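Okay, here's what each chain looks like letter by letter:
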Amino acid sequence: MNRPNDGTNPDHDPASGPSAAPVAAVATADVSAQVTGASAADDATPDPSQDRRTGTGAAAQTRVFGIRHHGPGSARSLRQALEEFRPDAILIEGPADADPLVGFVAADTMRPPVALLAYVPDSPARAAFWPFAVFSPEWQAMRYGADHAVPVRFCDLPAANVLADDDDARGDRSDPLAALASAAGYDDAERWWDAVVESVPDSAAFDAIADAMAALREDAIQTPQDDSPLSTGLPTDSTVEPDDVAPAPGSGTALPADPAIAPLVVDQHTLRREAYMRQVMRQTLKDGAKRLAVVCGAWHAPALDGALGPAAPDARLLKGLPKIKTALTWVPWTHSRLAAGSGYGAGVTSPGWYHHLFTETERPVARWLTKVAGVLRAHDLPVSSAHIIESVRLADTLAALRGRPLAGLSEVTEAVRSVMCGGDETMLRLVIDELVVGETLGGVPEDTPTVPLAADLRARSKTLRLKQEALARTVDLDLRKERDVERSHLLHRLRLLGVDWGTPTVGEVRNTGTFRETWTLRWEPEFEVRIVEAAVWGTTLRTAAEAKILDTASRDGVTVAELADALETALLADLGGATDGLITRLEAAAALDHDVTHLLGALPGLTRTLRYGDVRGTDTKALAHVADGLLVRICAGLPGAVTGLDTDAAEALRAQIDAAHTAISTRDDDHATTEWLATLQRIADRDDVHGAISGRAVRLLCDAERIDDADSARRLAAALSVGNTPAAKAAWIDGFLGGRGLLLVHDRELLRRIDEWLRELTEDQFVATLPLLRRTFGSFESGERRAIGQALRDTGSAPAAATGATPIDPARGQAALRAAAAILGAAG
């Protein structure tokens, strides 16, 4: 779940976004009782808070800073405002039960971007996250607290309440920024905020932002209350049902003039969140805070500003909220997951640019364009220093023409497009993907609360020197080396648990053996959640993978092929604790399965497993026994299974026979090879077998030198005899050749026989067999087809030219001569 987009991107609500999260963890704290249990006696309790502007009053001073999430200008302005205000307590919009995790912010190994993860231990897929980048104002507020020993707490609804609520429709549907941008003459809210706020950081901007939001909220639509109207300083007569898109009749609600801008709505979920924030503010002031800073999304600032009023209405609104047991932790995050395009509701379009603006305070435009040049040069594109200088000039000129104090992203992007990319959008896309969005992976301290399975992964990755990286990279593993074997085991176990950190791929190093594996590694934040989900299987990667694969194998309906695949996976992942159980289950399933196709489908996997066992030093005696038993059942049942098949079934069975033949040949066991070839011989000798299978059996026996060329020629002649239909003949040839075009190139006698058969077909017969013949010859490589044509010319099997003199027609000759003479005469 993500923050929803409320225009200012101020809303942390994780429930209205997609539920994909990173993960781990286990730090919980229940502070909801402190802030939701106010009694009616609180109606008369004096409000200890004071006006944020004047700070007047005897007890305390409170300032509310309405920020935009992930805004570098907001972050810099907030840091400056905190330095000026010097608070002794800071409240940040975020899940209140994450307070125990704030202390990790001060750790040296905590590197943004990171995210707070909350999940339900009994159902880890039910999760939410709150991401932070170094340019997030909330992160800078936490850093200020850590640097100045100021207590920092979160003040939004606890994750225990958020994850207990099944209402996926909650959350703001408003876009206040769009309304403000439209009023300022901008058609893009992001560009307006970038021009007005991000480019000119100023601590005084918070007052102006709060005033603007207060004006918008005066005309916002408010959904109906559960009980009596809530005293929030907002109009209570301007209400609509949640599904309405227009104000109720007579409400007097003013909507933005632009029909493309959705009406601004303050729904019940937003009101509850703001009530909870006020309750936390009251509690913090009662605990003795004298200078309280509240950092929240700008849309919420008017509801928290000024006098808080009595606590009883807020307590009534919060009474009876659903609650569920949750666990929270810090997890690494990436810039691309902060981007709006990733589906993150409160995302920004350019996290890489914002990170640059926040970290590069001196000449940010020139430094940015220098980075752009570096990216383009890395892709072998010609970019010189002159390009950079001219791009800076153009960006500054565009900013001056548009009345901006500093060139923004739109100006530098146009400069890059025109000067460095020459208008090429493909080159510009490289810059956007690698710089404007970027791909930076954060880090969290090793002692961050987490589930044991995640801790085991962290330790194993460190031992094996496998670094979690956001960018994809290729790793070649030599399975003759101990460390590479252990890396292979780790990656296979993770894949079994649903964590595809590594994806098997084709490496640049060519090899035909089993001594090498190639993986593409790319860490995704969502893997953290999957690890938490997999924690139900065990506390270590080995035990969890063994438990899961055994559970899968014990389910009803699992096939022999699936069990063989599971056994192969167990061997690749070195799951010795599961091997015996899988072998036992496979033997039982094979004994009860009378479908030869199932047994054939399982045989190649078992053979590969035997090969991997040889490389990895695994004892495969029991596995060889299973493979032998499987082969016996296949050899006994295959001759009967090939009877009465239609074309589709025959072709499917032929593919399985090919795979089994390759597997048995690879195993190189004399007894297994003898039994298999004897079975193929029985099939080849029968007349009632589909040509696709009998032809392939003859071909495989020829390759194994069980029948000689003369015998194969005799069988070919019989298959092409008058007694068979053209379709049957074409099927036999397709089975016999089966993609082996070079066979016709080198075996001229075979080519001659097929060529003669084709030339003897009548037109109707040729049309009937053409589709199958085209598929057969179309499977050959283009070079093989050319070689076959050359071979036909060399053998002279094409029809001979007609011999004897052709009779001459004198009358036609005279006519031709007269026509030629007339043409020549006209030309002269």
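Before any of the text, the structure's been laid out above.
Summarised in this report is the structure supplied together with it. If you're wondering where the values come from, they're calculated on a predicted model, not measured in any experiment.

Some remarks on the sheet that holds strand S4 (residues 123-132)
1) Next: Taken together, three strands build an open sheet; the order of strands is S4-S3-S9 and the sheet is antiparallel. The open sheet has two edge strands with one neighbour each: S4 and strand S9 (327-332). Strand-to-strand twist across the sheet, computed as the mean angle between neighbouring axes with direction ignored, equals 30 degrees.
2) Next: Its contacts with the sheet place helix H3 (residues 137-148) against strand S3 (114-120), S4 and S9, and it is angled at close to 80 degrees to S4.
3) Next: Strands in contact with helix H19 (residues 527-534) are S3, S4 and S9; relative to S4, the strand with the most contacts, it is inclined by about 150 degrees.

Side note on the pattern of salt bridges
1) Next: Inspection of every chain in the model, using the stated rule, returns 29 salt bridges.
2) Next: Two residues, Arg-143 and Asp-147, come together in a salt bridge whose shortest N-O distance is 3.0 Å. Of the two residues, Arg-143 and Asp-147 are both situated in helix H3; the distance of four residues between them amounts to about one turn of the helix.
3) Next: Asp-147 gets classed as partly exposed once you look at its relative accessible area, which sits at 43%.
4) Next: A salt bridge links Arg-473 to Glu-469, with the nearest nitrogen and oxygen atoms 2.7 Å apart.
5) Next: Beyond isolated ion pairs, a larger network of salt bridges with shared partners links Arg-79, Glu-83, Arg-143 and Asp-147.

Digging into the side chain of Asp-267
1) Next: With respect to the helices, strands and loops of the structure, Asp-267 is situated in the loop between strand S7 (265-266) and helix H8 (268-286).
2) Next: Here Thr-270 takes part through its side chain, which lies 2.8 Å from a polar atom of the side chain of Asp-267.

A closer look at the nonpolar core
For soluble globular proteins, the rule of thumb is that nonpolar side chains tend to be buried together.
1) Next: By size, the foremost hydrophobic cluster in this structure holds 69 residues, and its most contacted members are Leu-369, Val-412, Met-420 and Trp-501.
2) Next: Leave out the neighbours within four places in its chain, and Trp-501 touches Leu-457, Ser-461, Leu-466, Lys-467, Gln-468, Leu-491, Leu-494, Thr-520, Leu-521, Arg-522, Trp-523 and Phe-527.
3) Next: Ranked by size, the runner-up nonpolar core spans 63 residues in total, among them Val-558, Leu-653, Trp-676 and Ile-733.

Examining the pairing of strand S5 (residues 152-156)
1) Next: Burial of S5 is extensive: five of the five residues sit out of reach of the surface.
2) Next: The alternating pattern of S5 places Val-152, Phe-154 and Asp-156 and Arg-153 and Cys-155 on opposite faces, both of which are buried.
3) Next: In the sheet, strand S2 (residues 89-95) pairs with S5 via four bridges, with the strands oriented parallel. Directly across from Leu-91, in S5, lies its bridge partner Arg-153.

The rules we used
- Residues numbered from 1 in each chain as written.
- Predicted model: local features only at pLDDT ≥ 70, side-chain atom pairs only at ≥ 80, totals over all residues.
- Heavy atoms only, no water.
- Pairing = 2+ DSSP bridges.
- Helix = DSSP H or I, 4+ residues; strand = E, 2+ residues; numbered from the N terminus.
- Axes fitted to C-alpha atoms, helices over the stretch in contact; angles between N-to-C directions.
- Contact = heavy atoms within 4.5 Å.
- Salt bridge = Lys/Arg side-chain N within 4 Å of Asp/Glu carboxyl O.
- Buried < 20%, exposed > 50% of the residue type's maximum accessible area, 1.4 Å probe, protein only.
- Polar contact = N/O pair within 3.5 Å; in protein donor to acceptor, adjacent residues only side chain to side chain.
- Core = buried A, V, L, I, M, F, W, Y, C linked by side-chain atoms within 4.5 Å.

The quantities given are spatial measurements derived from coordinates; they are silent on function.
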